[in-house]
Amino acid sequence: MEAVGGSRKLGWGRRRARGGEARDGVPPALTGLRVTLAESCNLSQSLVPGGEEPRPTTPSPGVVLAQRHVAVQEGPLYRTEGSHITIWCNVSGYQGPSEQNFQWSIYLPSAPEREVQIVSTVDSSFPYAIYTQRVRGGKIYVERVQGNSALLHITDLQARDAGEYECHTPSTDNQYFGSYSAKMNLVVIPDTLQTTAVPQTLHKVEQDPLELTCEVTTETFQHSHLSVAWLRQRGGEKPAEVIALSRDFVLHSSSEYAQRQSLGEVRLDKLGSSTFRLTVFHLQPSDQGEFYCEAAEWIQDPDGSWYAMTRKRSEGTVVNVQPTDKEFTVRLETEKRLYTVGEPVEFRCILEAQNVPDRYFAVSWAFNSSLIASMGPNAVPVLNSEFAHREARGQLKVAKESDGVFVLKIYHLRQEDSGKYNCRVTEREKTVTGEFIDKESKRPKNIPIIVLPIKSSISVEVASNASVILEGENLHFSCSVRTAGRPQGRFSVIWQLVDRQNRRSNIMWLDRDGTVQPGASYWERSSFGGVQMEQVQPSSFSLGIFNSRKGDEGQYECHVTEWVRAVDGEWQIVGERRASTPVSITALEMGFAVTAISRTPGVTYSDSFDLQCIIKPHYPARVPVSVTWRFQPVGTLEFHDLVTFTRDGGVQWGDRSSSFRTRTAIEKAESSNNVRLSISRASDTEAGKYQCVAELWRKNYNNTWTRLAERTSNLLEIRVLQPVTKLQVSKSKRTLTLVENRPIQLSCSVKSQTSQNSHFAVLWYVHKPSDADGKLILKTTHSSAFEYGTYAEEEGLRSRLQFERHVSGGLFSLTVQRAEVSDSGSYYCHVEEWLLSPNYAWYKLAEEVSGRTEVTVKQPDSRLRLSQAQGNLSILETQQVQLECVVLNRTSVASQLLVEWFVWKPNHPERETVARLSREATFHYGEQAARNNLKGRLHLESPSPGVYRLFIQNVAVQDSGTYSCRVEEWLPSPSGVWYKRAEDTAGQMAVTVTRPDAALQVDTVVPNATVSEKAAFQLDCSIVSRSSQDSRFAVAWYSLRTKAGRERDGPGLGEQEEEGDEEEEEDQMERTALLSVGPDAVFGPEGSPWEGRLRFQRLSPLLYRLTVLQASPQDTGNYSCRVEEWLPSPQKEWYRLTEEESAPIGIRVLDTSSTLQSIICSNDALFYFVFFYPFPIFGILIITILLVRFKSRNSSKNSDGKNGVPLLWIKEPHLNYSPTCLEPPVLSIHPGAID
């Protein structure tokens, strides 16, 4: 397992193409299915013969596919453990060698993503360790079926072999294109098929019945079918199939048992769900041997084929069959062997056997191996047609004389009854269905008999004028009759013809009265004098056959019958003699052949050529032959007749031969039937395939003509070749680079031509890198006609093209005026050379392509350059900003410029367009102008060419940012279309718009005041400085009090405290507004304590006064004023620039009734002496008392207070006092201060 977990070993050049995820295990749809044999009866499927795996189909050799495609046997496949499995894989559409390599891997269900390599056809180290031993031991191997197809073999399938198999083909292609692997699933299931039978040995007697049973079970959960077969094994012979039940529930047997099965002698029955019974009703000695049953379990693969997953055979039963005595003998008897015509004869066929009455025999009679009659066990004879007529006339009889004797009687022998006679006896067995089957058959030796005719003394001789003749020649025969003594009577003569098939026909005959009559098949010929017979002398007879035919060939026989008049006056035949002579007739069409030849199969335009039609053999003048020359023009599929020499010597021209008549001569030789065809001034019209057709004719006896044969010669192809071209076009290559709007000069030079009369067609092409082929620009035909190509029409080049043919005739030029960048490409010319054919039609002789001119049309070099000066500008609001964009250089003075200003805002990465000046000098606002109300504040001017100034008037803070300009330079193309040639961006200008610095100052030195009750006091707010002359002020006065409600006494004490204390006190202050006045001079509400007692005055633009009338002691306290400075923005909106608060103003209002408290508080020294100094002294005193008390307690042991109550110890008291001198200090003891 080390190789599985280790690094993968890939074959050379391997590149995976995954076909999808592996499927793990059995598909859910197949889980839990169990099929018995009875349930599979209704499923009829096709079976691969022998249960073999289907072989892959491979593409035909020479087929080139678009891309590589790897196909593997479709899965999932279900196979049993221990079986031998094959999986096919083929590849198509590949490049490289015809023999491809294959690599097999598996993805196990336990690790579906991990590849485990099994076997390779190219790398012996390919298998992982888990498979190495099985591969080396030959248990796993790859069988090549073809160069692009292979089979993976696993001979002993194991459960761990289940998984997803992948077939991979290492690439031999120039580039990866297609699929290089394919996958399929293999499921390994247990082998649960069981076949059992009781082993035994049985001793049977012939004709006994035999019954054997076999149990077949399976526990496979997949959908499967069963097949069961009973076989007989005898010695080393091949097992014979007795009867079998196929997986489709069809019964069949081998040829040895097929007849017995059809008659019901052999049966197979199914008992229950798993028992199969074999029954043989009548055993025969040939049935001896070992009987066993064999079962196979079949499963249907995804491709629809059935596969035998496993086969099992049971133990055998040995059956011995003891034969019974069934022998019998047959003999044939007759009285003698020599007979005369008219005598009777009897043949006896004697059967000798045991128990003949209880057995069934059939007898047949034969004469010269031809059946005469047959007789079955029912003793009813059946005669053939010839002997049936004789039996009907009482001349013959077939009968069964007894159980063992059968008789054939012929009452009147004929001479043709001479021959060999025999009988055959066949024993038959009656089946359970009542039918008979043949068993053993025997026959005795033949008995020959001879039937002699009545003796006669005549002899016959036949002679002919020739034994071998040519069809159409005449035949003459003579028949001479000789007698030993004086003729006894008259002769009747019959001329007969026995053909090659041994068929006999009567030609003519002469009866004993001298009347001549023709035979039925010669009646018509004899009426035209084609057949004649006459009696030359009393004993000499002649036969004449005129204008012979092939059918007249054969054996000519003269049959002479000698007649003698009997005493009663009737004529009686006393003798017959015959003689014959053979005649062989050579058919006219025998050897009839036609050959077409030519010594000039290839000619050039305007040359001449001859065609010969040679006919063999040489026929005499009386045998006419017609010859027809046929022609198939080049590029057509049908022949048509040119000219025909008819059988009577006439000439007939074909319907489509008009172009040949003026240039064709035809001649037929006098000494033969050969025909010569001569054609002059050859052209394309005469190019093609020629063929001569000869017809052989024969004149019939009735003056009609019969076409005996037709022969077609070989095809004779005549190539009318054009002159060898000498066309050469200049192949030199050029590179041409120019600026647009200049002309493109293209030339095409013909260096050599075939003829001075050559005309040229010139086609101009341009090839673009993006196009597969060149596109036609212009075509000038050989007749100097112009045709514009699709490229010229699409690109609008017609008005810019100029073609010129120079006087020399071999130089052509094409000029493309006002070149554009799109005109760049590879230009070349295609020259066609045209000549005038013999038919006065122009034809294209040759064509050639010139070298290419690489044309590059480029735009003018960009020289646009902007000033890259950087700058920073800080400016106050409401002022004017000038942004300058300077074009230092440009590509052309005729160019148009587009100028665009844009800005980057702080914290905003995207730039925004401020304004744009189009190349038509139209000014446009950008989105930034609309957002920041720049439309009324932008101003553009161009004091000189290339200098553009953008002014932003009345700037605001939101106008701050980094500004720059971008310039696009546009040029006009040769076609008048403007295009952007270049663009550049100028240096950046950082603009910062600030508001005025805050310079507001409020007078902080304000004296305290003491007023009497009911008097008025003034609170002045003086502005020392301001930020701008346009400033406006908002003023508010406040009363400052502590949060405890105590007013602070003047600022003197506060000035002596530390800064930290001041901040703490400010947090404890409460502000109460007396009055506020806004920048727009709008008064706020008066404070409630002062309502109706306030008076506001603006003494000057920088001095504001608030007078509090009717002062009361409650008005004593600190007061301050707060000033806000407001400025107008560029958008005329007011905003608060800053604020400032004055120092506190101490106001004391004296009560008219003076008290000690007021006296003390009015004097600072007295206030500190009375309220401040006693507290430290009092504190020291308390501490001293506490210390003394503490010591005294320690000195007394467990001393307690009076009545056991502890003394009250007073902690440091918490003192509250008012720094405002409004109230005396308060000594308070808080809870928890006393222990």
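Residues numbered from 1 in each chain as written. Predicted model: local features only at pLDDT ≥ 70, side-chain atom pairs only at ≥ 80, totals over all residues. Heavy atoms only, no water.

### Considerations on the side chain of Ser 826
Mapped onto the elements, Ser 826 comes out in strand S61 (residues 825-836). What makes Ser 826 buried here is its relative accessible area of 4%. There is a polar contact of 3.0 Å between the side chain of Ser 826 and the side chain of Glu 854. Leaving out residues up to four positions away in the same chain, Ser 826 has contacts with Tyr 765, Val 766, His 767, Arg 852, Thr 853 and Glu 854. (Helix = DSSP H or I, 4+ residues; strand = E, 2+ residues; numbered from the N terminus. Buried < 20%, exposed > 50% of the residue type's maximum accessible area, 1.4 Å probe, protein only. Polar contact = N/O pair within 3.5 Å; in protein donor to acceptor, adjacent residues only side chain to side chain. Contact = heavy atoms within 4.5 Å.)

### Quick word on the nonpolar core
In this structure, Trp 629, Tyr 690, Leu 696, Ile 744, Trp 764 and Ile 777 are the most contacted members of the largest nonpolar core, which totals 65 residues. With 30 residues, the next largest nonpolar core counts Ile 118, Ile 154, Tyr 165 and Ala 182 among its residues. (Core = buried A, V, L, I, M, F, W, Y, C linked by side-chain atoms within 4.5 Å.)

### Looking at the pairing of strand S28 (residues 405-410)
When you tally the buried positions in S28, you get five out of six residues, the bulk of the element. Pairing geometry for strand S27 (residues 396-402) and S28, over six bridges, is antiparallel. Bridge pairing links Leu 396 to Ile 410 in S28. Linking two consecutive strands that pair antiparallel, namely S27 and S28, is a turn of two residues. (Pairing = 2+ DSSP bridges.)

### With respect to the packing of aromatic side chains
Throughout the structure, instances matching the rule amount to 23 aromatic pairs. When the centroid spacing of 6.1 Å and the interplanar angle of 65° are considered together, the rings of Phe 609 and Tyr 690 count as edge-to-face. On the criterion of sequence distance, the pair formed by Phe 609 in strand S44 (residues 609-616) and Tyr 690 in strand S50 (residues 688-699) is long-range, its members being 81 residues apart. Accessibility expressed as a relative area gives 1% for Phe 609, which makes it buried. Taking the relative accessible area as the measure of exposure, Tyr 690 reaches 0% and is therefore buried. In textbook terms, an aromatic cluster arises when at least three aromatic residues are bridged by ring pairs, as seen for Phe 609, Phe 631, Phe 660 and Tyr 690. The ring of Tyr 292 carries Arg 313 above its face, with NZ or CZ at 3.6 Å from the centroid. (Phe/Tyr/Trp six-rings, centres within 6.5 Å; stacked < 30°, edge-to-face > 60°. Lys NZ or Arg CZ within 6 Å of the ring centre and 35° of its normal.)

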